[in-house]
Amino acid sequence: MKNLILIIACFLSVSVKAQTPAEAQTKSILLLGAKAHLGNGKVIPNAAIGFRDGKIDMVLSAIDIRMDSTKYDKVVHCEGKHIYPGFIAPNSRLGLVEIGTVRATRDQQEVGQFKPHVRSLIAYNTESRITPTVRTNGVLMAEVAPVGGVITGTSSIFNLDGWNWEDAVLKEDNGIHINWPRIRTSMGSDKKKDTKWVEEYAEKVEEIKQFFKEAEAYTKEEYHVEKNIRYEAMKAVFSKKKKVFIHCDRVQEIIDALYLFDAYDFELVLVGGYDAWLVADLLKDRSIPVILRRVHDLPMHQDDDVDLPYKMPKILADKGLLVCLENSGSMEAMGTRNLPFYAGTAAAYGLDKEAALAMITLNTAKILGIDAMVGSIEEGKFATLFISEGDALDMRGNQVTLAFIQGKQIELTNPQIELWKKYEGKYGE
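Residues numbered from 1 in each chain as written. Predicted model: local features only at pLDDT ≥ 70, side-chain atom pairs only at ≥ 80, totals over all residues. Heavy atoms only, no water.

J.: Is there a simple way to think about the packing of aromatic side chains in this case?
T.: The geometry of an aromatic ring pair is captured by the separation of the ring centres together with the interplanar angle, meaning the angle of the planes. According to the stated counting rule, one finds 20 aromatic pairs in the structure shown. Ring geometry for Tyr84 versus Phe87: centroids 6.1 Å apart, planes at 65 degrees, classification edge-to-face. Of the two residues, Tyr84 and Phe87, both sit in the buried class. Here the aromatic rings of Phe212 and Phe261 are separated by 5.0 Å at their centres, their planes lie at 85 degrees, and the arrangement is edge-to-face. Here Phe212 is found in helix α5 (residues 191-220), whereas its partner Phe261 is found in helix α7 (residues 251-261), with 49 residues between them in sequence. (Phe/Tyr/Trp six-rings, centres within 6.5 Å; stacked < 30°, edge-to-face > 60°. Buried < 20%, exposed > 50% of the residue type's maximum accessible area, 1.4 Å probe, protein only. Helix = DSSP H or I, 4+ residues; strand = E, 2+ residues; numbered from the N terminus.)

Quick look at the structure:
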């Protein structure tokens, strides 16, 4: 109890200036001279990126424009720097949790097993102190999803700026999330226990199958004497307005989930997918993308290469799957700031650098269904992008100096920066 009080006291005692959400773009802006990584595999060594009213209206090489004809209100010279589309964090708990050990600051989970009606949207906190630490590494958008139970709830996608969730939401209620039952085994050492676990797994899978049967029957009925809020939330799934995100890792779990949902015409996304490379053909035949589990992790199986998690993005990409990277796990909200370095690790282990970048930008946008708006630096898309002093996929080069969300220039400070400035002034000499 004393430790809990100490954690809360330390959290509340740090005085950090609250960030004010950015104002809408009123003046057109031209970013000139930087090396632009567009997110779609293309690179412009000396770029001219222009945007007005929150949207990109020019993507050219600087040598192809005439300064007297650009007619932008403000020109920002970025020679020697890099421009990137805003990074996107899928399957995140940002804005739902502050201190994991303090129950009052956790709003990512509700009671129950089948909860498609639970929405992260209305619980999202734009005042989170974690969000600024994530933005300063270039992560400017996040798919925020609840956890707990079998169907954990419905996620939404947010810009990491705004007065409230109504301001911040980029796409509302984009999909439901299913925690597929885990297959347990004693590795043959206890046959009775293995038999029991197999039976329990089968029962849980049957529960999922039954829920979807009942939900489908409910959606086909035009009139209901009494509304069922769980099944009401499933209507958007059956009409393809919501995707189905299946969270599982092992081969048999993935196969069982795919075969169960073959009976439906859902838009499926595999989340986690540690063994996805072993069933890549099944996934490719069904056009199912993968939100790959945290790259900076240990192998799941005893006989795996120790660096298999690092190589996984390239392995899946080589098998023709659409892949993006996520960060769920321990300390995941604050650890979201490491998302660009996961892509950097994938590049270090054989993946093309621009393909690695796409796994936290355009690929993510495609998988989440927001690629018409964001994910790459292209004309007509929102001006959600940033400038870095160096390589943003390398912790040594990721020094974000300027960032925009839908053309709005956002503050680039966080509690760590403020504390560094405070004590650098005192002890700097």
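Having put the structure on the table, let's press on.
J.: Just checking my understanding: could you explain helix α9 (residues 308-318) for this structure?
T.: Note: α-helices contain 3.6 residues per turn, so residues at a spacing of three or four share the same orientation. Those residues of α9 that fall on the buried side of the exposure criterion are Leu308, Pro309, Met312, Pro313 and Leu316. Take α9 and look down its axis: the buried residues cluster within an arc of 155 degrees, on one side only. Those residues of α9 that are buried are in contact with β14 (290-292), β15 (323-325) and α11 (339-348). After α9 finishes, the residue Gly320 shows a positive phi value of roughly 85 degrees. (Arc of directions from axis to C-beta. Contact = heavy atoms within 4.5 Å.)

J.: Just to check I follow, could you spell out the sheet that holds strand β9 (residues 139-144) for this structure?
T.: Two modes of strand pairing occur in sheets, parallel and antiparallel, and in both the strands are linked by backbone hydrogen bonds. The strand order across the open sheet formed by eight strands is β8-β9-β10-β11-β12-β13-β14-β15, and the pairing between neighbours is mixed. The two strands at the open ends of the sheet, each matched to only one other strand, are β8 (87-92) and β15. Across this sheet, the average inter-strand angle for adjacent strands is 25 degrees, counted without regard to direction. As paired elements, strand β13 (residues 268-272) and β14 share three bridges and run parallel to each other. Bridged to Val271 within β14 is Ile291. (Pairing = 2+ DSSP bridges. Axes fitted to C-alpha atoms, helices over the stretch in contact; angles between N-to-C directions.)

J.: Mind showing me how you'd approach empty space enclosed by the protein here?
T.: Any empty space left between the atoms is revealed when a probe the size of a water molecule rolls over them. Tallying each qualifying case throughout the model produces one cavity of 30 Å³ or more. If you add up the space inside the largest cavity, you get close to 40 Å³. Along its surface, the largest cavity is lined by Ile246, Cys248, Ile254, Ala257, Leu258, Leu268, Val269, Leu270, Leu283 and Ile288. For the lining of the largest cavity, the per-class residue count stands at ten nonpolar, no polar and no charged. (1 Å grid on protein atoms, 1.4 Å probe; cavity = no way out; pocket = protein on both sides within 12 Å on 5 of 7 lines; lining within 4 Å. Points joined across faces, edges and corners; volume = space filled by probe spheres on them. Nonpolar A, V, L, I, M, F, W, Y, C, P; charged D, E, K, R; others polar.)

J.: I tried to follow the pairing of strand β5 (residues 55-61) on my own but got confused; where do I start?
T.: Sheet faces and side chains relate simply in a regular strand, where the side chains alternate between the two faces. Alignment of strand β4 (residues 47-52) against β5, held across six bridges, turns out to be antiparallel. Across the sheet, residue Gly50 finds its bridge partner in β5, namely Met58. Here β4 hands over to β5 after two residues, with Asp53 in that stretch at a positive phi of 55 degrees.

J.: Help me out: how do you make sense of the pairing of β4 in this one?
T.: With respect to burial, β4 is a largely interior element, five of its six residues being buried. Where strand β1 (residues 29-32) meets β4, four bridges bridge the pair, whose relative direction is antiparallel. Of the residues in β4, the one forming a bridge with Leu30 is Gly50.

J.: Mind showing me how you'd approach the nonpolar core here?
T.: Most often, soluble globular proteins keep nonpolar side chains buried together rather than apart. Judged by nonpolar contacts, the single largest core of 79 residues is most densely connected at Phe87, Trp180, Phe212, Phe261, Leu283 and Leu325. Of the residues forming this core, the biggest block, seven residues, is contributed by α5. Residues Leu31, Ile49, Ile83 and Leu402 belong to the second largest nonpolar core, which totals 20 residues. (Core = buried A, V, L, I, M, F, W, Y, C linked by side-chain atoms within 4.5 Å.)

J.: Whenever I open this one, the packing of α5 against α7 confuses me. Can you help?
T.: The relative placement of two packed helices is expressed as an angle between their axes plus a distance between the axes. Packing of α5 against α7 brings their axes to within 11 Å, and their N-to-C directions diverge by 25 degrees. With respect to α7, the element α5 is oriented roughly parallel. Relative to α7, α5 is oriented so that their crossing is right-handed. Contacts from Tyr201, Val205, Lys209 and Phe212 of α5 reach α7 at Gln252, Glu253, Asp256, Leu260 and Phe261. When its residues are assigned to classes, the contact of α5 with α7 shows five nonpolar, one polar and three charged. (Parallel < 35°, antiparallel > 145°, perpendicular 65-115°, else oblique. Left-handed = near helix turned anticlockwise from the far one by under 90°.)

J.: What is the right way to look at the confidence of the model for the protein chain in this model?
T.: Detailed reading of the predicted coordinates is not advisable wherever pLDDT is low. Per-residue pLDDT for the protein chain averages 89, and the proportion of residues at 70 or more is 90%. Counting interchain partners and residues more than four positions distant, the pLDDT-below-50 stretch residues 1-16 has 13 contacts. Confidence drops under a pLDDT of 50 for residues 101-109, and excluding neighbours within four residues, the segment shows 23 contacts in the predicted structure. (pLDDT = per-residue confidence, 0-100.)

J.: Before we go on, may I ask you to explain the sheet that holds strand β18 (residues 408-409) in this structure?
T.: Pairing is mixed across the open sheet formed by six strands, whose spatial order is β3-β2-β7-β16-β17-β18. In this open sheet, the two edge strands, each paired with only one partner strand, are β3 (43-44) and β18. Looking at chain direction, strand β17 (residues 400-405) and β18 are connected through two bridges and run antiparallel. The partner of Ile405 across the bridge, within β18, is Lys408.

J.: Where do I start with unusual backbone geometry in this structure?
T.: Peptide bonds are trans in most cases, and residues, glycine excluded, mostly fall at negative phi. Even without a glycine there, the phi angle at Asp173 is positive, about 50 degrees. Here Asp173 shows up in strand β11 (residues 169-179). Assessed through its relative accessible area of 14%, Asp173 is described here as buried. One non-glycine residue, Met331, adopts positive backbone phi at about 50 degrees. Secondary-structure assignment places Met331 in the loop between β15 and α10 (332-335).

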